[in-house]
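Residue-level structure breakdown
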Amino acid sequence: MKKYDVTALGELLIDFTENGKSNQGNPLFEANPGGAPCNVLAMLAKLGHKTAFIGKVGNDFFGEQLKRAITEVGIDASFLCMDDVVHTTLAMVHTYPDGDRDFSFYRNPGADMMLKESEIPENLIRDSKIFHFGTLSMTHEGVRAATKKAIHAAEEAGAILSFDPNLRPPLWECMDEARRQVLYGMEHCHILKISDNEIQWLTGESDYSDGVKWIHERYQIPLILVSMGKNGSRAYYNGKMIEVKPFLQKNTIETTGAGDTFCGCVLHYICEHGLEELTEENLREMLIFANAAASIITTRKGALRVMPEGSEINRLIAEMETKSL
């Protein structure tokens, strides 16, 4: 038995999200804890899983805030490093009327980029059922080497590897390098969560199934999940494709963290059921739960601190099922 259900590595940062205007008409921003890997872990922790995070923040006001935040939501922060020189990474999130977002990063450099190979806790990774990673920890040489060391440790330990590219073009010096690192992640994962625009960019295929075929021709990934925003989600597994409609909310505020919430729920299902011999019914059940949770998070500011309870997710599912009768 391994001590941790899921360990994730990557960025932990402050998302400054718009929250009204001042009396002088200036935009007001709220400092929300963010970063895709910890959003995923926060959802898992809310569902009762033992989680841990590997990353680096600045030894500053924001870094302390982030350490407190992940600890409060149940993520083990013992392996979070603090940088005395480089400040915590910041992101300004602009929200459009339809809830979609645009990001501006203050990361030149940012503390999350400073994680070193020597700071990778290999014993933690060996003691984890699932290891989850993305590409923001692969944008620069030093942290990229640290990420690849962690991936290697997870593979040696027989962990399930989960990968979400979570592509942020402004953070890459060139998109050819981004493509190389996304492909590296695909070569080293058992679960791939990829968004609709990411799979189209990577494969050049406008049809998602054609895009998945392109990936399968190159990499043997047992479970591929395509998140399609307002169009729902799909799971591709053992030659099967299951598509589930979204749970659209009238009171959607923003979509920050929706994909991470979805991913956390998928990993929850894999923790409970494993990755072998999943049926169509299993896949549908998994997607319904993940879609419902993602829809709830779109009605809230931020993500990490406000993940939904399992009972809340199931209640929304039951309400939707009642309405469809």
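Data block above holds the structure.
The rules behind the values
Residues numbered from 1 in each chain as written. Predicted model: local features only at pLDDT ≥ 70, side-chain atom pairs only at ≥ 80, totals over all residues. Heavy atoms only, no water. Phe/Tyr/Trp six-rings, centres within 6.5 Å; stacked < 30°, edge-to-face > 60°. Buried < 20%, exposed > 50% of the residue type's maximum accessible area, 1.4 Å probe, protein only. Lys NZ or Arg CZ within 6 Å of the ring centre and 35° of its normal. Helix = DSSP H or I, 4+ residues; strand = E, 2+ residues; numbered from the N terminus. Contact = heavy atoms within 4.5 Å. Pairing = 2+ DSSP bridges. Expected span 1.5 Å × (residues − 1). Disulfide = S-S within 2.5 Å. Salt bridge = Lys/Arg side-chain N within 4 Å of Asp/Glu carboxyl O.

Within this structure, the stated rule accounts for five aromatic pairs. For the pair Phe61 and Phe62, a centre-to-centre distance of 5.4 Å together with 65° between the ring planes defines the contact as edge-to-face. The exposed category is assigned to Phe61, whose relative accessible area is 61%. Phe62 sits in the partly exposed class, given a relative accessible area of 22%. Through successive ring pairs, a cluster of aromatic residues spans Phe16, Phe61 and Phe62. A cation over an aromatic ring shows up here: Lys148 above the ring of Tyr184, its NZ or CZ 4.1 Å from the ring centre. It is Arg218 that lies over the ring of Trp214; its NZ or CZ is 3.8 Å from the centre.

Right, let's get into the environment of Lys3. Following the sequence through the fold, Lys3 ends up in the segment before strand 1 (4–9). Lys3 sits 123 residues away from Arg126 along the chain, and the two C-alpha atoms are 9.4 Å apart. The residues contacting Lys3, other than those within four sequence positions of it, are Lys50 and Asp127.

Moving on to the pairing of strand 1. Across the six residues that make up strand 1, a large majority, six, are buried. Pairing analysis gives four bridges linking strand 1 to strand 9 (residues 128–133), with the strands arranged parallel. The partner of Ala8 across the bridge, within strand 9, is His132. Where strand 1 lies against strand 4 (residues 51–58), four bridges are found, and the strand directions are parallel. Bridge pairing in strand 4 places Leu9 opposite Ile54.

The next subject is helix 4 (residues 141–156). The end-to-end C-alpha distance of helix 4, which contains 16 residues, comes to 23 Å, matching closely the 22 Å that a straight helix rising 1.5 Å per residue would cover. Among the residues of helix 4, Val143, Arg144, Ala146, Thr147, Ala150, Ile151, Ala153 and Ala154 are the ones counted as buried. Of the residues one or two after helix 4, Gly158 is the one with positive phi, at around 75°.

The next point concerns the state of the cysteines. With the rule as written, the count across this model stands at zero disulfides. Free cysteine Cys38: the closest other cysteine sulfur is in Cys81, separated by 13 Å. Residue classification places Cys38 among the buried residues on the basis of a relative accessible area of 0%. Cys263 supplies the cysteine sulfur nearest to Cys189, a cysteine that is in no disulfide, at a spacing of 11 Å. Residue Cys189 is classed as buried on the basis of its relative accessible area of 5%.

Side chains that differ in charge, positive against negative, can pair when their charged atoms come close. For the coordinates displayed, the defined rule picks out 13 salt bridges. With a shortest N-O distance of 3.6 Å, Glu122 and Arg126 are connected by a salt bridge. A residue pair is termed a helical-turn pair when its members lie 3 or 4 positions apart in one helix, as Glu122 and Arg126 do in helix 3 (residues 122–126) at four residues. Between Glu217 and Arg218 there is a salt bridge, with its nearest N and O atoms 3.6 Å apart. Look at the salt bridges and you will find they share partners, linking Lys56, Asp83 and Glu119 into a network.

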